[in-house]
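Chain by chain, the residues run as shown.
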Amino acid sequence: MLIRLVPIDNTDPLPTIIIDRPILLIGRHPECDVQIRSSKVSRKHCALAEVEENGQPALCVRDLDSTNGTRINGDVVSEGRLKADDELTIGAFRFKVMIQPISIAAGQPLVSCEFPIPILEAPYNHVLESPSSEMGYEKTVKK
C-alpha cells in the first residue's frame, strides 16, 4: 500500500510525506525521519506506524508529549488510527491522508510507464558495425 500525507493549505510550502517504512518519527530534531523546522512542531512531535486492519491499510499516530499537540480531524489525540481522507494536524501543519492499495495480479507487469515502450518483433533489421581489415569499420545488415 502507498500512504501519503498531502499538505493542506499551509502558508509554508511543505512537501508530501510518503510513508516509506513501518515507523516514522516526525519532529524538528535531526534524528527524526521527517523534519519540520517550525517552532510549532516539537523536537520529537509524533510517530506514525503503518498497519493493516481487517485487510485494510491504516496508519496509526502517537503524540510524543508535544507542546502543540497532534489532531485527527480536529480532535486532539494522544494516539489514534488514520484512514483515507482523514486530516492529521502536526503542530500547525495540516495533512490529508491518502491511501492507495497496491496489488499486482498474475500476469500483470511489475513496471508500467505513462508512455509504453514499443517492443520490436522479429524479424527486424539490425545495423552492426564490425572491424574491417581494409577500411577500419564496415556496416553489415543482419536479418
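Criteria and thresholds
For every chain, the first residue of the written sequence is number 1, and numbering continues from 1 along that sequence. Where local features are concerned, this predicted model is filtered to residues with pLDDT of at least 70; where side-chain atom pairs are given and counted, the filter is 80 or more; whole-chain, interface and lining totals use all residues. Each side-chain value is derived from all of the structure's non-hydrogen atoms; neither hydrogens nor water enter the calculation. Working definition: with a 1.4 Å probe on protein chains only, accessible area under 20% of the residue-type maximum means buried, over 50% means exposed, and in between means partly exposed. Numbering of helices and strands starts at the N terminus; helices are DSSP runs of H or I of at least 4 residues and strands are runs of E of at least 2. Paired strands are those between which DSSP finds at least two bridges. Only heavy atoms enter the contact rule, under which two residues are in contact if any of them lie within 4.5 Å. For helices, the fitted line uses only the C-alpha atoms of the stretch in contact; every axis is such a line through C-alpha atoms, and the angle between N-to-C directions lies from 0 to 180 degrees. By the criterion applied in these results, polar contacts are pairs of N or O atoms within 3.5 Å in which, for protein atoms, one can donate a hydrogen and the other can accept it, and in which residues neighboring in sequence qualify only through two side-chain atoms. Criterion for a salt bridge: a side-chain nitrogen of Lys or Arg within 4 Å of a carboxyl oxygen of Asp or Glu. In this text, buried Ala, Val, Leu, Ile, Met, Phe, Trp, Tyr and Cys residues form a nonpolar core when linked through side-chain atoms within 4.5 Å.

A. View of the pairing of strand S3 (residues 23-27). The buried fraction of S3 amounts to 4 of the 5 residues, a majority that puts the element mostly inside the structure. Here S3 runs beside strand S5 (residues 46-53); their pairing, made up of 4 bridges, is antiparallel. In the strand pairing of S5, Leu25 is matched with Ala47. As paired strands, S3 and strand S4 (residues 34-35) are joined by 2 bridges and run parallel to one another. For Ile26, the partnering residue across the bridge sits in S4 and is Val34.

B. Structural detail: the side chain of Thr89. By secondary structure assignment, the location of Thr89 is in strand S10 (residues 87-90). Those residues in contact with Thr89 that lie beyond four places of it in its chain are Gly69, Thr70, Arg71 and Arg94.

C. Structural view of the sheet that holds strand S2 (residues 17-19). Across the sheet, which stays open at both edges, the 6 strands sit in the order S2-S1-S11-S10-S7-S8 with antiparallel pairing between neighbours. Of all strands in the sheet, those with a lone pairing partner are S2 and strand S8 (75-77), marking the two edges. Here the strands of the sheet are splayed against their neighbours by 30° on average, with no regard to which way each runs. Relative to S8, strand S7 (residues 70-72) is paired through 3 bridges, and the arrangement is antiparallel. Note that in S8 the partner of Arg71 across the bridge is Val76.

D. Spatial organisation of the side chain of Asp86. With respect to the secondary-structure elements, Asp86 resides in the loop between strand S9 (79-82) and S10. For Asp86, a relative accessible area of 8% gives the class buried. One polar contact links Asp86 to Asn73, side chain to side chain, over a distance of 3.1 Å. Beyond its immediate stretch of four places on either side in the chain, Asp86 contacts Ile72, Asn73, Arg81, Phe95, Lys96 and Val97.

E. Molecular detail of the pattern of salt bridges. For the structure shown, the criterion picks out 7 salt bridges. The salt bridge partner of Asp86 is Lys83, with a shortest N-O separation of 3.8 Å. Among the ionic contacts, a cluster of salt bridges with common partners joins Asp20, Arg21 and Asp33.

F. Up close: the pairing of strand S1 (residues 2-7). Here 6 bridges tie S1 to strand S11 (residues 93-100), and the two strands are oriented antiparallel to one another. By the bridge assignment, Pro7 is partnered in S11 with Phe95. In terms of strand pairing, S1 meets S2 through 3 bridges, oriented antiparallel. If you follow Arg4 over to S2, its bridge partner there is Ile18.

G. Spatial organisation of the nonpolar core. Residues Leu5, Ile19, Leu48, Leu82 and Leu88 are the most contacted members of the largest nonpolar core, which totals 22 residues. Mapped onto this core, the elements with two or more residues apiece are S1, S2, S3, S5, strand S6 (56-63), S10 and S11. Broken down by element, the residue count for this core peaks at 4 residues, all from S11. Dropping the residues within four chain positions of it, Ile19 is found in contact with Ile3, Leu5, Leu24, Leu48, Glu50 and Leu59.

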